Amino acid sequence: MNDTFIISIVTFIYFFSALTYLTSFIFGTKQLDRAALVVTVVGGIIHTAAIIFRWIHSYRLGIGHAPLSNFYESLVFFSWAIIIVYLIMRKRYSNSLIGAVGMFFAFLPLAYASLSGKVIADIQPLIPALQSNWLISHVISSFLAYACFAISFGSSILYFLKLKSRATFQHILPDLDFFDDITYKMISIGFVLLTLGIITGAAWADCAWGRYWGWDPKETWSLITWLIYGSFLHARLAGGWRGVKMSVISIIGFMAVIFTYLGVNYILSGLHSYL
Amino acid sequence: MFKKIYTFFASLKLTIFLFLFLAATSILGTLIPQGLNPEQYQELYNPRLFSIFDFFNAFDMYHSWWFTLLLVLLSVNVVFCTFPRIPRIWRLTFRGKKIIDDSIFASSPIRKTIALQKNTPGIEQQSADIIKALVATPVKEEKDGRIYLFAEKGRYSRLGIILVHLSIIFILAGGLIGTIWGFNGQMLIVEGEQSDIVTLFSDAGTKKLDFSVRCSDFAIDFYETGMPKEYRSDVTIIEGEKERISGSIRVNHPLKYGGMKFCQATYGIAGVKNLQIFAKNTTTKDEIILHLNMMKKVSLPESDTFFAIAKFSPDYEGRGPAVLGVVIESDRPHDIFWIFGDNGKTDNQKAGNFTFTLKDFEKIYYTGIQVSRDPGVLLVWFGFVTILAGFILSIFLTHRKMWIRISENQNGGEIKIAATTSGDRKDFEKNLERLLAASVAE
Ligand code: HEM
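Just so you know, these numbers come straight off a predicted model, no measurement behind them.

Novice: Quick question: what am I supposed to make of the domain arrangement of chain B here?
Specialist: By a frequent convention, interface size equals the accessible area lost on bringing the separate parts together. In terms of domains, chain B is made up of domain 1 (2-86), domain 2 (96-154 + 398-441), domain 3 (180-267 + 366-388) and domain 4 (271-365). The straight-line distance from the C-alpha centre of domain 1 of chain B to that of domain 3 of chain B is 31 Å.

This is how it looks when you write it as structure tokens:
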């Protein structure tokens with residue numbers, strides 16, 4: 001049994017958890033919400049074990065490195081980061097619908113990684129440019145930031161769902177403020193983590209290429225994302241913007257995140273195109 | 001007039017406009033490839049588009065005057081936003097710690113008055129518990145028969161936001177200093193040779209260093225899979241006649257000297273040495289191995305001809321490594337032909353009476369070392385540290401102050417509550433109400 005097999009099981013666990021959350025939301029049963037949480041935690045523990053297993057395995061192959069170095073590993077870590085962020089934010093904002101959306105977002109990258117067949121799951125040795133401790137902190141902070149943004153994106157979508165849905169559906173959804181609050185909190189934490197991600201990335205670039213900033217497409221797109229969320233924070237804190245406008249910026253911001261993560265590699269090219 | 005200019009530069013609208021405009025133009029810069037040469041652009045775009053793009057410096061956008069201007073505007077904006085706020089934040093942070101302050105109960109943003117119907121025992125303890133739950137253990141003072149309780153927490157939180165905003169100035173200033181007084185380029189050095197010339201990236205000019213870099217060896221290590229594991233240049237810095245330092249430059253492990261940084265960037269094959277060519281005389285069946293280097297002729301046995309190698313190709317026409325052999329007769333080239341290895345795919349090369357096979361050779365590499373000097377980089381790191389410190393202060397700390405005044409007499413009396421928070425006010429008020437409801441005071 002290898003880690004990619006375990007990860008494909010975790011994929012199904014998360015899907016199951018998302019369904020359980022959704023059922024709990026539709027029927028309003030608290031027990032199902034707790035059951036879904038248990039499923040999520042079990043999935044999370046197995047997920048963590050798979051990552052550690054892969055890490056150890058890479059050492060056995062004599063090419064030991066943290067499993068954060070290729071596209072497959074980044075998808076697996078992205079999903080893991082979403083689980084972590086969800087479990088933390090759940091303490092304050094427990095609602096089955098957020099759970100369903102969070103689990104669905106954790107499921108998506110894993111589903112793509114294990115089912116698409118296009119993503120190479122082999123453990124590969126590290127090319128020289130990736131042999132850096134800055135890279136590890138860079139990837140961890142960036143993906144935790146992306147996870148926060150994913151949840152804020154989900155919450156903004158739910159905001160519009162609440163706003164536009166029919167009356168019968170309306171009353172089972174939480175207040176607009178509830179979603180607005182999640183969007184804001186997740187973005188402020190995500191913004192700090194993204195800043196940390198950009199800084200550690202700059203430190204890595206300085207080591208590897210002798211310049212901390214070179215306007216290559218990946219760097220530039222991370223800056224674009226940072227600028228979009230930066231305008232979000234200012235519009236909210238100092239401009240008093242709330243609600244619809246904020247949800248729109250949050251959705252645009254997440255588009256920029258996805259483009260930074262995937263679009264740059266598939267559409268544009270640059271120094272980062274090893275992924 | 002000055003007021004107008006001030007309001008413009010201090011406005012948050014300008015900030016958001018600059019953020020979004022910088023984002024939009026940066027997107028353009030990732031769609032239009034940067035830093036190609038004019039011919040390549042003319043191939044990509046039609047003449048009209050080319051001249052429009054060229055006019056707006058779209059081919060080196062991030063270094064254009066207008067992009068720099070946007071960044072300068074942002075710095076001015078931050079300065080105008082931040083400095084006027086400092087006195088108020090300073091006051092909120094460092095002053096107003098008076099325990100006995102009757103005016104605070106009328107002016108504080110969060111305030112509440114609760115009337116007491118009768119003498120309530122334990123009211124002081126309950127008040128202290130509420131303060132402790134919301135802020136911290138209070139201090140107590142008494143004056144004119146009234147009890148004053150006060151507590152404060154997370155005092156430096158508001159300084160965080162100043163740090164965050166100042167850090168932007170440090171980072172942008174550091175970046176500007178780097179572009180003006182720094183440089184970035186590449187030097188190519190063949191193994192065993194030295195160089196003091198850096199080809200600059202920006203304007204394609206060159207820069208002569210005060211010292212030379214000699215590369216004694218360049219090596220690549222491979223993993224078993226054939227993927228590269230390490231690129232390494234062993235170099236020595238030579239100033240005048242003196243060898244200053246020696247070391248190896250690997251990817252992610254640059255060498256620093258003279259305020260400059262040397263990074264492993266690229267490599268290539270400059271030529272070959274210690275060639276061994278197997279030569280066989282087809283008539284006498286004599287076999288010999290010729291040891292030679294590039295462009296050095298050797299004489300072939302039992303003939304009045306010479307032989308030399310003129311060129312090396314790492315993979316000639318997909319047929320593997322090959323050298324260009326020249327047979328020279330009385331100083332006049334007689335025959336020129338490619339000589340391949342002994343891999344069975346190619347026939348041995350015939351020239352005159354001889355067939356030749358490439359037996360062995362050593363590659364001579366050249367290494368490409370990126371050389372950069374950035375006098376602004378320290379300021380940028382400093383800005384990075386201050387922005388993170390600022391975030392930590394403003395996120396992990398919330399500045400809260402809370403006062404309670406208990407005035408009791410025979411008929412009852414009143415409790416006055418006042419509080420300020422740098423965090424979520426609604427949250428604070430909600431918690432306060434919850435605690436009050438649970439206490440006997442209400
Ligand atoms: C260019 C980079 C800038 C960055 C990275 C930045 C960052 C931030 C952040 C993260 C916050 C939220 C702080 C918190 O969580 O409490 C904030 C708030 C704020 N910023 Fe900026 N800012 C920038 C530029 C500006 C400029 C140019 C202005 C001036 C118009 C400005 C004015 C403000 C104001 C008024 C607040 C609200 C402060 C409060 O609510 O206490 N910022 N800024």
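Novice: Sorry, what's going on with the site of the ligand here?
Specialist: The immediate surroundings of the ligand are formed by 20 residues, with A:His234, B:Thr15, B:Cys81, B:Ile161 and B:His165 found nearest. At the site occupied by the ligand, nearby residues are drawn from chains A and B. A:His234 is positioned such that a nitrogen or oxygen atom in its side chain is 2.6 Å from a nitrogen atom of the ligand. Of all the secondary structure elements, the ones that give two or more residues to the shell around the ligand are helix 8 (217-237) of chain A together with helix 2 (12-31), helix 5 (65-82) and helix 9 (157-181) of chain B.

Novice: How do you make sense of the domain arrangement of chain A when you look at a structure like this?
Specialist: All names here are of chain A. Segmentation of chain A into domains returns domain 1 (1-126) and domain 2 (129-275). Counting from both sides, the interface comprises 24 residues of domain 1 and, opposite them, 31 residues of domain 2. For the pairing of domain 1 and domain 2, the buried interface totals around 2500 Å² over both sides, and the portion due to carbon and sulfur atoms is 84%. One can count 0 salt bridges joining domain 1 with domain 2. On inspection of domain 1 and its partner domain 2, the count reaches 4 residue pairs in polar contact (both at pLDDT 80 or more). Elements that contribute at least two residues to the side of domain 1 that touches domain 2 include exactly helix 3 (71-90) and helix 4 (96-115).

Novice: How do you make sense of the side chain of B:Ser313 when you look at a structure like this?
Specialist: All names here are of chain B. Residue placement: Ser313 occurs in strand 13 (residues 305-313). There is a polar contact of 3.3 Å between the side chain of Ser313 and the backbone nitrogen of Tyr316. Leaving out residues up to four positions away in the same chain, Ser313 has contacts with Gly320, Pro321, Ala322 and Trp338.

Novice: Please clarify how the sheet that holds strand 3 (residues 146-153) of chain B should be interpreted in this entry.
Specialist: Note: strands within a sheet are paired through backbone hydrogen bonds, in either parallel or antiparallel orientation. Residue and element names in this part refer to chain B. Taking strand neighbours across the sheet as the criterion, the 5 strands line up as 1-19-18-3-2 in an open arrangement whose pairing is antiparallel. Among the strands making up the open sheet, the edge pair consists of strand 1 (110-116) and strand 2 (139-143). Taken over all neighbouring pairs, the strand axes of this sheet differ in orientation by 15° on average, direction set aside. Inspection of the sheet shows strand 1 paired to strand 19 (residues 412-421) by 7 bridges, in the antiparallel sense. Bridge pairing in strand 19 places Thr113 opposite Lys416. On the sheet, helix 11 (residues 425-438) packs against strand 1, strand 18 (400-409) and strand 19 and is oriented at approximately 15° with respect to strand 1.

Definitions and limits used
- Residues numbered from 1 in each chain as written.
- Chains lettered and ligands numbered in written order.
- Predicted model: local features only at pLDDT ≥ 70, side-chain atom pairs only at ≥ 80, totals over all residues.
- Heavy atoms only, no water.
- Domains from an automatic or database assignment.
- Near = heavy atom within 4 Å.
- Polar contact = N/O pair within 3.5 Å; in protein donor to acceptor, adjacent residues only side chain to side chain.
- Helix = DSSP H or I, 4+ residues; strand = E, 2+ residues; numbered from the N terminus.
- Contact = heavy atoms within 4.5 Å.
- Buried area = accessible area lost by both parts, 1.4 Å probe.
- Salt bridge = Lys/Arg side-chain N within 4 Å of Asp/Glu carboxyl O.
- Pairing = 2+ DSSP bridges.
- Axes fitted to C-alpha atoms, helices over the stretch in contact; angles between N-to-C directions.

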